[in-house]
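Topology and contacts: notes
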Amino acid sequence: MVCHDARDNDAERELPRLAIVRTPVDTDGIAVEELRVDFPDVPNDLESIARLPGRNAALLVESGADGSDPDPTIYLARWDKDFDVEVVGSAPWPKTPEPLTNVEATAVATVGGRDYFVYAERAQGSDTTRIHMTRLTVGRSGALAFGRKWTSVPFTAPEPPGARPASGLDIDAKGQVYVSSAYDPGDLGPFDSAVYRAATVERGGPLGAELVAVEPPQMLARSSGLKVEGVALVSGSFPLFISDDDEDYGGLLRQLRVTRTGG
């Protein structure tokens, strides 16, 4: 499942917000099926999906839209075996440890039976962002509740030069945090990206889990010419996929060849 970053304006209000993307089974390539899903309001700039580990459920996260959205929302979606998707809950973004500006990187980790929400600002104009984590409670009815205390670690993208340090994020079942970094000079590129093992989620600390930075970050792949805006694992383990938004050039979905992950 992928999200589309359509805005709540006259030009984009009726565009789909979600789709199913299937990897190729023949030379027809990638299959894309738009989903028509009822939301409690019109989503504005959905930039990330954070799956709840081990469940057919995910958070659909509005970005903050460069600070122009005064009340960004996080939705909870669930689906059945036929992939009929239903939005069953929503909540405003919690109070964050730094001003919410534009978030394209979110994930959910489960440690000791507890869920944790993880995010990082894309931090346009800087090579450094901070990865933040807090408790997340998901009710059976779809209610979402976030903790008030956060744990954070810095992440600096060594490459590519001038990149947004966090354009996508996912966490595997062992707590390894993977982050994509993307350089975007405009609709015609040239784009550039890299994928890193940036941190780990481990037991401990006052929240019951804490973030530990990987120092230095471990580059897993370099994607010259592409603006990678999504990095995703399959059910919390490899293979690792990237998806990109190359503006006027379109986009793609690719599986990465990772030969050494550390940890």
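Below or above, wherever it landed, is the structure these notes cover.

Conventions and cut-offs
Residues numbered from 1 in each chain as written. Predicted model: local features only at pLDDT ≥ 70, side-chain atom pairs only at ≥ 80, totals over all residues. Heavy atoms only, no water. Helix = DSSP H or I, 4+ residues; strand = E, 2+ residues; numbered from the N terminus. Buried < 20%, exposed > 50% of the residue type's maximum accessible area, 1.4 Å probe, protein only. Pairing = 2+ DSSP bridges.

Of note, the bond from Glu215 into Pro216 is cis; its omega dihedral lies within 30 degrees of zero at -10 degrees. Note that Pro216 resides in strand E16 (residues 209–222). In this structure, the amide linkage connecting Phe238 to the following residue, Pro239, adopts the cis form with an omega of 15 degrees. Take Pro239: it is sitting in strand E18 (residues 237–244). A positive phi is found at Ala123, a non-glycine position, where the angle reads about 60 degrees. When you line up the elements, Ala123 lands in the loop between strand E9 (114–121) and strand E10 (128–138).

In this section: the pairing of strand E15 (residues 192–203). Taken across its twelve residues, E15 has ten buried, putting it largely inside the fold. Sheet topology places strand E14 (residues 176–183) next to E15; eight bridges connect them, and they run antiparallel. If you follow Ser180 over to E15, its bridge partner there is Val195. Pairing of E15 with E16 involves nine bridges; the strand directions are antiparallel. Residue pairing across strands places Tyr196 opposite Met219, the latter belonging to E16. Where E15 folds back on E16, the antiparallel hairpin that results is connected by five residues, among which Gly204 adopts a positive phi of roughly 130 degrees.

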